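One-letter residues, chain by chain:
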Number of protein chains: 2
Amino acid sequence: MNDTLKVILNRRSVRAYSGRPVTREEKDQILAATLRAPTAGNLMLYSIIEVEDQKLKDRLAVTCDNQPFIARAPYVLLFLADYQRWMDYFQICGVSSKAADLGVPERKPGTGDLLLACCDALIAAQTAVIAAESMGIGSCYIGDILERYEIHRELFDLPPFTLPITMLCFGYPASTAKRLTTRYDKEMIVHSNRYKRLDKSGLEKGFAALENDFRAGHRAHDYANAGQATYFRKFASDFAVELNRSVSEMINNWE
Amino acid sequence: MNDTLKVILNRRSVRAYSGRPVTREEKDQILAATLRAPTAGNLMLYSIIEVEDQKLKDRLAVTCDNQPFIARAPYVLLFLADYQRWMDYFQICGVSSKAADLGVPERKPGTGDLLLACCDALIAAQTAVIAAESMGIGSCYIGDILERYEIHRELFDLPPFTLPITMLCFGYPASTAKRLTTRYDKEMIVHSNRYKRLDKSGLEKGFAALENDFRAGHRAHDYANAGQATYFRKFASDFAVELNRSVSEMINNWE
């Protein structure tokens, strides 16, 4: 097995960092690798904000569902879906008058452009994760950056055709002891030629390990099963409700 | 520089494949690496459809903006944002009656859940790309899978809470001669602490290489500059209009 596969197969999220800083040279290596990520039509429909200001990190540790480790992360990158740069360039290139000459209506980015820009940003983010991991630098995704849109928009001066799609914390791990998180079986995730919707017995088989963990847990008595626990603790939690409110606002703002 | 960084820095999209097949063992190695990709709350909010049926590939070569190389790709993976599996599991776990007992309304996945599931799917996709690349297997993203939603939904039996967010073609490259595509400068993509919106001179500097390529191109006389050419050939093209119509329909369908 090659080194890259080993890096991928042994990665886990790192939320506790050693005192070792991430140097400017290492940051630049991560960024150089990231900027080679595939991008739709070579348009690079994303931006990256390096969050180095401690005050910003402190604020993010609160706004991203109260996760204090964000403030302690040696390196933080915010990934934006970004059509603003192109819209600004189109404007100075005189597309308005050219469209008028051609007798066609101008268009603005829609939700399709938004999703395509999200693709670019996320492909870049995962490239950063694997690059960093290969250098011994751990990482953790902060999906909670999708919450509190209005606050983050102001905090980072985000113009209309940008959307904060994900954030990454990087740092050397405090501990080298790694236990990998279990994943669901391939049979549940990978389908052959068509989507195979699982029936009751398929779902019960696929989620059996989750149910076992749930029954061994100390809060098992709150809910009848792991499905209920996941629904109420995650899917219907306050942060999930906020996530959906915030993203609706982002999409409205984009449109 | 380590091997993983070399893999990332030297990758380019591969659309022409040699006769060498991708073996079942190699496919399984790619999938095993992919399934280790980070995922929000360890929920694995995605599915992967292995497209092995030649009739499906032939159809995709047409529906994804007429790209015949898709039909010739030795290995094709379709990535879905997927909340259906969890919704089905919640249902058999009796969340409806539990919600009624607790006196709280039930919720369905919203656009926030949709974007979070897209994050999971795309992070997995780029993990597959880097894993394959490390094995000498090239790849190409097919963003056009976002078009023609109704056709793809029927072709792959997609249930309501799934969304085809991206597709990947894999294969050994026909040629080993690689010239990397140029990327925009780091100064244009990476911001420090806040979004820095470029002014006219910043945009002109950032897009100078694109303008030079445009002026050297044989179709330069159709438009006054590269911004106009990009706008009319890409951003306002028929496929871009279809992309946005299709994604609007996906989002409506999800909601």
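- Looking at an unreviewed UniProt entry, chain A carries the name FMN reductase (NADPH)/FMN reductase [NAD(P)H], with the source organism given as Dehalogenimonas formicexedens.
- Per UniProt, chain A has the following entry under Sequence similarities (unreviewed entry): "Belongs to the flavin oxidoreductase frp family."

**Quick notes on the environment of Thr-23 of chain A**
Residue and element names in this part refer to chain A.
Stage number 1. Checked against the element boundaries, Thr-23 lands in the loop between helix H1 (3-9) and helix H2 (24-34).
Stage number 2. Given a relative accessible area of 37%, Thr-23 falls into the partly exposed group.
Stage number 3. Distance from Thr-23 to Leu-78, taken between C-alpha atoms, is 18 Å for residues 55 residues apart in sequence.

**Topic: the relation of the copies chain B and chain A**
Stage number 1. Overlay of chain B on chain A (RMSD 0.0 Å): rotation 180°, translation along the axis 0.0 Å. With respect to symmetry, the two chain copies, as superposed, fit the operation of a two-fold axis. Identified as the residue of chain B closest to the rotation axis by C-alpha distance is Thr-4 of chain B, at 2.5 Å.
Stage number 2. Most of the interface of chain B is mirrored in chain A, where 100% of its interface residues are also at the interface.

**Quick look at the packing of helix H11 (residues 208-216) of chain B against helix H12 (residues 226-235) of chain B**
Residues and elements named next belong to chain B.
Stage number 1. Packing of H11 against H12 brings their axes to within 9 Å, and their N-to-C directions diverge by 80°. The angle between H11 and H12 places the two elements in the roughly perpendicular class. Residues Leu-210, Glu-211 and Phe-214 of H11 pack against Ala-226, Gly-227, Ala-229, Thr-230 and Arg-233 of H12.
Stage number 2. For the contact of H11 with H12, the residue count by class is four nonpolar, two polar and two charged.

**Topic: the sheet that holds strand S5 (residues 190-192) of chain A**
Stage number 1. Spatially, five strands are ordered S5(A)-S1(B)-S2(B)-S4(B)-S3(B) in an open sheet, and the strand pairing comes out mixed. Only two strands of the sheet have a single neighbouring strand rather than two, namely S5 of chain A together with strand S3 (138-141) of chain B. Geometrically, the sheet is characterised by an average inter-axis angle of 25° between neighbouring strands, direction not taken into account.
Stage number 2. Where S5 of chain A lies against strand S1 (residues 46-51) of chain B, three bridges are found, and the strand directions are parallel. Residue pairing for S1 of chain B: Val-190 of chain A is matched across the bridge by Ile-48 of chain B.
Stage number 3. Here helix H3 (residues 54-63) of chain B sits on the sheet and contacts S1, strand S2 (75-82) and strand S4 (162-171) of chain B; the angle it forms with S1 of chain B, its principal contact strand, is near 105°.

**Details of the side chain of Glu-26 of chain B**
Residue and element names in this part refer to chain B.
Stage number 1. Within the secondary structure layout, Glu-26 lies in helix H2 (residues 24-34).
Stage number 2. Within the local environment of Glu-26, its side chain forms a polar contact with the side chain of Tyr-172, the two groups lying 2.6 Å apart.
Stage number 3. Once residues lying within four places of it in the same chain are set aside, the contact partners of Glu-26 are Arg-20, Pro-21, Met-135, Ile-137 and Tyr-172.

Basis of the calculations
Residues numbered from 1 in each chain as written. Chains lettered and ligands numbered in written order. Predicted model: local features only at pLDDT ≥ 70, side-chain atom pairs only at ≥ 80, totals over all residues. Heavy atoms only, no water. UniProt positions renumbered as here; feature names shortened; annotations may be inferred. Helix = DSSP H or I, 4+ residues; strand = E, 2+ residues; numbered from the N terminus. Buried < 20%, exposed > 50% of the residue type's maximum accessible area, 1.4 Å probe, protein only. Least-squares fit on C-alpha atoms with pLDDT ≥ 70 in both. Contact = heavy atoms within 4.5 Å. Axes fitted to C-alpha atoms, helices over the stretch in contact; angles between N-to-C directions. Parallel < 35°, antiparallel > 145°, perpendicular 65-115°, else oblique. Nonpolar A, V, L, I, M, F, W, Y, C, P; charged D, E, K, R; others polar. Pairing = 2+ DSSP bridges. Polar contact = N/O pair within 3.5 Å; in protein donor to acceptor, adjacent residues only side chain to side chain.

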